[in-house]
Amino acid sequence: MGSIEYFNRSTGLPEEEKVYGEQWLRFTYENPIGAFFLWSVVRRKLFSMWYGFSANLARSQKKIIPFIRRYQIDESEFLHKTETFKNFNEFFSRKLKPSARPISSSKHSVIFPADGRHLGFQNLSKLKSIYVKGQNLDLAELFGSCKESKAYEDGTLVISRLCPVDYHRFHFPCDGSLSLPSLINGPLFSVNPIALRKRISIFWENKRYLSFVESKIHGRIAQFAIGATCVGSVTYTTKNSRVRKGEEYGFFSFGGSCILTIFEKGKVRLSQDLIECSEKGMELYAKMGEEMGRSQKFI
(Lines give C-alpha, C1' and ligand atoms only; values in the text may rest on other atoms or scores of the structure.)
Protein backbone atom coordinates (compact mmCIF):
# COMPACT_ATOMS: atom_id res chain seq x y z
CA MET A 1 0.00 0.00 0.00
CA GLY A 2 1.26 3.48 -0.86
CA SER A 3 0.96 6.73 1.07
CA ILE A 4 -2.18 7.64 3.04
CA GLU A 5 -3.93 10.75 1.73
CA TYR A 6 -6.76 12.73 3.29
CA PHE A 7 -8.59 15.94 2.40
CA ASN A 8 -8.02 18.87 4.75
CA ARG A 9 -11.23 20.86 5.26
CA SER A 10 -9.31 23.92 6.49
CA THR A 11 -6.92 24.20 3.53
CA GLY A 12 -9.25 22.75 0.88
CA LEU A 13 -6.41 20.52 -0.32
CA PRO A 14 -5.44 16.84 -0.21
CA GLU A 15 -2.52 16.11 2.08
CA GLU A 16 -0.32 13.12 2.86
CA GLU A 17 -0.45 11.71 6.36
CA LYS A 18 2.78 11.62 8.35
CA VAL A 19 2.36 8.21 9.97
CA TYR A 20 3.88 7.86 13.43
CA GLY A 21 5.79 4.55 13.55
CA GLU A 22 5.06 3.79 9.89
CA GLN A 23 7.92 1.32 9.40
CA TRP A 24 6.83 -0.66 12.46
CA LEU A 25 3.17 -0.64 11.31
CA ARG A 26 4.03 -1.87 7.85
CA PHE A 27 6.26 -4.59 9.31
CA THR A 28 3.55 -5.94 11.61
CA TYR A 29 0.64 -5.71 9.15
CA GLU A 30 2.31 -6.30 5.78
CA ASN A 31 5.11 -8.77 6.59
CA PRO A 32 4.54 -12.48 7.49
CA ILE A 33 7.18 -12.35 10.23
CA GLY A 34 5.65 -9.15 11.58
CA ALA A 35 2.22 -10.79 11.53
CA PHE A 36 3.48 -13.48 13.92
CA PHE A 37 4.84 -10.77 16.25
CA LEU A 38 1.50 -8.92 15.98
CA TRP A 39 -0.62 -11.92 17.02
CA SER A 40 1.74 -13.21 19.69
CA VAL A 41 2.75 -9.94 21.36
CA VAL A 42 1.52 -6.58 20.01
CA ARG A 43 -2.26 -7.09 20.24
CA ARG A 44 -2.05 -8.17 23.87
CA LYS A 45 -2.96 -5.88 26.74
CA LEU A 46 0.41 -6.25 28.48
CA PHE A 47 2.25 -4.77 25.47
CA SER A 48 0.11 -1.60 25.54
CA MET A 49 0.34 -1.42 29.34
CA TRP A 50 4.14 -1.52 29.06
CA TYR A 51 4.13 1.16 26.34
CA GLY A 52 1.76 3.34 28.37
CA PHE A 53 3.94 2.90 31.47
CA SER A 54 7.02 4.08 29.56
CA ALA A 55 5.12 7.18 28.36
CA ASN A 56 4.41 8.04 32.02
CA LEU A 57 8.07 7.96 33.06
CA ALA A 58 9.84 11.28 33.70
CA ARG A 59 12.50 10.44 31.10
CA SER A 60 9.83 10.39 28.38
CA GLN A 61 9.61 14.19 28.74
CA LYS A 62 12.64 14.55 26.44
CA LYS A 63 10.58 13.14 23.55
CA ILE A 64 8.05 15.99 23.63
CA ILE A 65 9.94 18.79 21.85
CA PRO A 66 11.27 16.55 19.01
CA PHE A 67 7.72 15.20 18.52
CA ILE A 68 6.25 18.73 18.35
CA ARG A 69 8.86 19.83 15.81
CA ARG A 70 8.64 16.74 13.63
CA TYR A 71 4.84 16.87 13.35
CA GLN A 72 4.55 20.69 13.42
CA ILE A 73 2.11 20.82 16.35
CA ASP A 74 0.84 24.31 17.22
CA GLU A 75 1.94 25.05 20.80
CA SER A 76 -0.06 28.30 20.86
CA GLU A 77 -3.23 26.19 21.19
CA PHE A 78 -2.10 24.47 24.41
CA LEU A 79 -3.89 25.44 27.62
CA HIS A 80 -0.66 24.80 29.56
CA LYS A 81 2.90 25.62 28.53
CA THR A 82 4.92 22.80 26.98
CA GLU A 83 7.59 22.87 29.70
CA THR A 84 4.97 22.05 32.39
CA PHE A 85 4.33 18.54 31.03
CA LYS A 86 6.10 16.07 33.33
CA ASN A 87 6.03 13.16 30.86
CA PHE A 88 4.97 12.31 27.32
CA ASN A 89 1.50 11.13 28.32
CA GLU A 90 0.71 14.48 29.97
CA PHE A 91 1.59 16.17 26.70
CA PHE A 92 -0.31 13.59 24.65
CA SER A 93 -3.58 14.06 26.58
CA ARG A 94 -3.12 17.85 26.79
CA LYS A 95 -6.01 20.28 27.05
CA LEU A 96 -6.41 23.12 24.57
CA LYS A 97 -7.57 26.72 25.02
CA PRO A 98 -11.35 26.95 24.40
CA SER A 99 -10.65 29.46 21.62
CA ALA A 100 -8.60 26.81 19.77
CA ARG A 101 -11.70 24.71 19.08
CA PRO A 102 -14.79 26.92 18.60
CA ILE A 103 -18.07 24.98 18.69
CA SER A 104 -20.60 25.22 15.86
CA SER A 105 -23.31 27.53 17.19
CA SER A 106 -26.33 26.20 15.27
CA LYS A 107 -28.66 24.29 17.59
CA HIS A 108 -29.53 21.98 14.69
CA SER A 109 -25.92 20.93 14.03
CA VAL A 110 -23.94 17.96 15.30
CA ILE A 111 -20.18 18.39 15.61
CA PHE A 112 -17.16 16.19 15.11
CA PRO A 113 -16.44 14.74 18.57
CA ALA A 114 -12.67 14.79 18.06
CA ASP A 115 -9.88 16.10 15.87
CA GLY A 116 -9.07 13.53 13.22
CA ARG A 117 -9.57 12.02 9.83
CA HIS A 118 -13.24 11.20 9.29
CA LEU A 119 -15.33 8.96 7.07
CA GLY A 120 -19.12 9.42 6.93
CA PHE A 121 -21.82 7.12 5.57
CA GLN A 122 -25.39 8.39 5.35
CA ASN A 123 -27.17 5.02 5.21
CA LEU A 124 -25.49 1.90 6.57
CA SER A 125 -27.96 -0.42 4.81
CA LYS A 126 -26.67 0.86 1.43
CA LEU A 127 -23.01 0.69 2.38
CA LYS A 128 -21.09 -1.83 0.27
CA SER A 129 -17.60 -1.47 1.77
CA ILE A 130 -15.32 0.49 4.11
CA TYR A 131 -11.62 1.14 3.34
CA VAL A 132 -11.43 -1.63 0.72
CA LYS A 133 -13.89 -3.61 -1.39
CA GLY A 134 -15.50 -6.53 0.39
CA GLN A 135 -15.09 -5.19 3.94
CA ASN A 136 -18.19 -3.97 5.74
CA LEU A 137 -19.33 -3.27 9.26
CA ASP A 138 -20.86 -6.03 11.39
CA LEU A 139 -23.10 -3.97 13.67
CA ALA A 140 -24.21 -6.87 15.86
CA GLU A 141 -20.58 -7.76 16.60
CA LEU A 142 -19.69 -4.09 17.16
CA PHE A 143 -22.49 -3.58 19.70
CA GLY A 144 -22.07 -7.06 21.14
CA SER A 145 -25.85 -7.38 20.81
CA CYS A 146 -28.31 -7.93 17.95
CA LYS A 147 -30.99 -6.19 20.01
CA GLU A 148 -28.96 -2.99 20.58
CA SER A 149 -27.68 -2.83 17.00
CA LYS A 150 -31.07 -3.25 15.28
CA ALA A 151 -32.09 0.41 15.62
CA TYR A 152 -28.95 1.46 13.70
CA GLU A 153 -29.03 -0.99 10.76
CA ASP A 154 -30.08 1.74 8.31
CA GLY A 155 -28.64 4.59 10.34
CA THR A 156 -25.77 7.03 9.77
CA LEU A 157 -22.14 6.34 10.70
CA VAL A 158 -19.12 8.61 11.21
CA ILE A 159 -15.68 7.08 11.82
CA SER A 160 -13.28 9.54 13.48
CA ARG A 161 -9.69 8.26 13.41
CA LEU A 162 -7.25 9.99 15.76
CA CYS A 163 -3.54 9.79 14.91
CA PRO A 164 -0.83 10.08 17.59
CA VAL A 165 -0.15 13.64 16.35
CA ASP A 166 -3.75 14.77 17.07
CA TYR A 167 -5.45 16.39 20.06
CA HIS A 168 -6.65 13.32 21.99
CA ARG A 169 -9.60 14.52 24.03
CA PHE A 170 -13.07 13.69 22.75
CA HIS A 171 -16.32 15.60 23.21
CA PHE A 172 -20.09 15.34 22.81
CA PRO A 173 -21.54 15.86 19.31
CA CYS A 174 -24.74 17.50 20.65
CA ASP A 175 -26.79 18.26 23.76
CA GLY A 176 -28.53 15.36 25.45
CA SER A 177 -28.87 12.86 28.27
CA LEU A 178 -25.89 10.55 28.76
CA SER A 179 -25.84 6.86 29.67
CA LEU A 180 -22.78 5.51 31.46
CA PRO A 181 -20.21 3.85 29.17
CA SER A 182 -20.02 0.05 29.20
CA LEU A 183 -16.84 -1.89 28.44
CA ILE A 184 -16.70 -4.51 25.69
CA ASN A 185 -13.31 -6.15 26.17
CA GLY A 186 -10.91 -7.24 23.46
CA PRO A 187 -7.33 -7.00 22.13
CA LEU A 188 -5.60 -3.82 20.97
CA PHE A 189 -4.85 -3.81 17.24
CA SER A 190 -3.83 -0.62 15.40
CA VAL A 191 -6.63 1.51 13.85
CA ASN A 192 -4.37 3.02 11.19
CA PRO A 193 -5.56 2.39 7.59
CA ILE A 194 -2.49 0.18 7.11
CA ALA A 195 -4.18 -2.22 9.54
CA LEU A 196 -7.85 -1.47 8.74
CA ARG A 197 -7.40 -2.17 5.02
CA LYS A 198 -6.34 -5.65 6.02
CA ARG A 199 -9.15 -6.26 8.52
CA ILE A 200 -12.10 -3.95 9.22
CA SER A 201 -13.10 -6.41 11.97
CA ILE A 202 -10.58 -4.61 14.21
CA PHE A 203 -13.46 -2.25 15.06
CA TRP A 204 -15.47 -5.01 16.75
CA GLU A 205 -12.53 -7.05 17.99
CA ASN A 206 -10.72 -4.27 19.86
CA LYS A 207 -11.38 -3.18 23.42
CA ARG A 208 -14.10 -0.50 23.26
CA TYR A 209 -16.55 1.48 25.34
CA LEU A 210 -20.17 2.06 24.29
CA SER A 211 -22.36 4.88 25.54
CA PHE A 212 -25.53 6.61 24.34
CA VAL A 213 -26.58 10.24 24.17
CA GLU A 214 -30.35 10.80 24.00
CA SER A 215 -31.13 14.01 22.08
CA LYS A 216 -34.56 15.55 21.47
CA ILE A 217 -33.49 16.66 18.00
CA HIS A 218 -30.98 13.99 16.93
CA GLY A 219 -32.40 10.83 18.52
CA ARG A 220 -30.46 8.17 20.44
CA ILE A 221 -26.82 8.41 19.40
CA ALA A 222 -24.42 5.52 19.97
CA GLN A 223 -20.78 6.41 20.54
CA PHE A 224 -17.88 3.96 20.68
CA ALA A 225 -14.46 4.90 22.07
CA ILE A 226 -12.16 2.28 20.57
CA GLY A 227 -8.74 1.56 22.03
CA ALA A 228 -5.80 0.57 19.86
CA THR A 229 -2.20 -0.60 20.07
CA CYS A 230 -0.46 1.36 22.86
CA VAL A 231 -3.86 2.78 23.96
CA GLY A 232 -4.87 0.50 26.82
CA SER A 233 -6.51 3.40 28.62
CA VAL A 234 -9.64 5.46 27.92
CA THR A 235 -10.42 7.97 30.68
CA TYR A 236 -13.89 9.48 31.05
CA THR A 237 -13.84 12.91 32.68
CA THR A 238 -17.48 14.01 32.81
CA LYS A 239 -19.74 13.24 35.79
CA ASN A 240 -22.83 14.82 34.23
CA SER A 241 -25.98 13.01 33.10
CA ARG A 242 -27.07 16.08 31.08
CA VAL A 243 -24.36 17.10 28.62
CA ARG A 244 -23.77 19.98 26.21
CA LYS A 245 -22.48 20.01 22.65
CA GLY A 246 -18.70 20.38 22.71
CA GLU A 247 -18.39 19.47 26.39
CA GLU A 248 -15.40 17.24 27.11
CA TYR A 249 -16.27 13.57 27.54
CA GLY A 250 -12.85 11.99 28.06
CA PHE A 251 -9.42 11.31 26.61
CA PHE A 252 -7.18 8.58 25.24
CA SER A 253 -3.72 7.93 26.62
CA PHE A 254 -0.76 7.47 24.27
CA GLY A 255 -1.32 6.07 20.77
CA GLY A 256 -3.76 6.22 17.88
CA SER A 257 -7.43 5.63 18.58
CA CYS A 258 -10.92 5.93 17.13
CA ILE A 259 -14.43 7.24 17.85
CA LEU A 260 -17.45 5.78 16.06
CA THR A 261 -20.64 7.89 16.14
CA ILE A 262 -23.84 6.20 14.93
CA PHE A 263 -27.23 7.88 14.45
CA GLU A 264 -30.63 6.28 13.92
CA LYS A 265 -32.20 6.45 10.47
CA GLY A 266 -33.31 9.87 9.27
CA LYS A 267 -32.01 11.86 12.24
CA VAL A 268 -28.95 13.56 10.71
CA ARG A 269 -27.83 14.70 7.26
CA LEU A 270 -24.04 14.61 7.05
CA SER A 271 -22.07 17.58 5.68
CA GLN A 272 -21.61 17.43 1.92
CA ASP A 273 -17.80 17.50 1.96
CA LEU A 274 -17.76 14.56 4.37
CA ILE A 275 -20.09 12.55 2.12
CA GLU A 276 -18.16 13.41 -1.06
CA CYS A 277 -14.76 12.52 0.39
CA SER A 278 -16.07 9.27 1.87
CA GLU A 279 -17.62 8.22 -1.45
CA LYS A 280 -14.12 8.54 -2.97
CA GLY A 281 -12.61 6.49 -0.13
CA MET A 282 -10.73 9.54 1.19
CA GLU A 283 -10.88 10.67 4.80
CA LEU A 284 -11.78 14.29 5.63
CA TYR A 285 -9.58 16.01 8.18
CA ALA A 286 -11.63 18.28 10.45
CA LYS A 287 -11.34 19.49 14.02
CA MET A 288 -13.49 18.94 17.06
CA GLY A 289 -16.29 21.49 17.18
CA GLU A 290 -16.70 21.82 13.41
CA GLU A 291 -20.05 20.88 11.90
CA MET A 292 -20.38 17.20 11.04
CA GLY A 293 -24.02 17.35 9.96
CA ARG A 294 -27.46 18.76 10.70
CA SER A 295 -30.82 17.50 11.84
CA GLN A 296 -32.82 16.18 8.89
CA LYS A 297 -35.83 18.17 10.15
CA PHE A 298 -34.11 21.52 9.66
CA ILE A 299 -32.34 21.16 6.31
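Being a predicted model, the structure only gives us computed values, none of them experimental.

### A short note on the environment of Lys 239
Here is step 1: Note that Lys 239 resides in the loop between β11 (234–236) and β12 (242–243).
Here is step 2: Taking the C-alpha atoms as reference points, Lys 239 and Leu 180, separated by 59 residues in sequence, lie 9.4 Å from one another.

### Section: the pattern of salt bridges
Here is step 1: On inspection of all chains with the given rule, the structure shows 14 salt bridges.
Here is step 2: Across the pair Arg 161 and Glu 283 runs a salt bridge, and its minimum N-O distance is 2.7 Å. Separated by 122 residues along the polypeptide, Arg 161 in strand β5 (residues 156–162) and Glu 283 in strand β16 (residues 283–286) bring together distant segments of the chain. Just as Arg 161 is buried, Glu 283 falls in that class too.
Here is step 3: With a closest N to O distance of 2.9 Å, Arg 294 and Glu 291 form a salt bridge.
Here is step 4: Arg 294 gets classed as partly exposed once you look at its relative accessible area, which sits at 30%.
Here is step 5: Classification of Glu 291 by relative accessible area gives partly exposed; the value is 23%.
Here is step 6: Where salt bridges share partners, they join Glu 17, Arg 117, Arg 161, Asp 166 and Glu 283 into one cluster.

### Quick notes on helix α4 (residues 64–71)
Each turn of an α-helix holds 3.6 residues, which means side chains three or four residues apart point in the same direction.
Here is step 1: Turning to α4, its buried residues number three or more, namely Ile 64, Phe 67, Ile 68 and Tyr 71. Buried residues of α4, viewed axially, fall in a sector of 100 degrees; they line one side. Opposite its buried face, α4 presents the exposed residues Arg 69 and Arg 70, each directed more than 90 degrees away.
Here is step 2: The inward-facing, buried residues of α4 contact α5 (88–92).
Here is step 3: Gln 72 sits one or two positions beyond α4 and adopts a positive phi of about 50 degrees.

Parameters and conventions
Residues numbered from 1 in each chain as written. Predicted model: local features only at pLDDT ≥ 70, side-chain atom pairs only at ≥ 80, totals over all residues. Heavy atoms only, no water. Helix = DSSP H or I, 4+ residues; strand = E, 2+ residues; numbered from the N terminus. Salt bridge = Lys/Arg side-chain N within 4 Å of Asp/Glu carboxyl O. Buried < 20%, exposed > 50% of the residue type's maximum accessible area, 1.4 Å probe, protein only. Arc of directions from axis to C-beta. Contact = heavy atoms within 4.5 Å.

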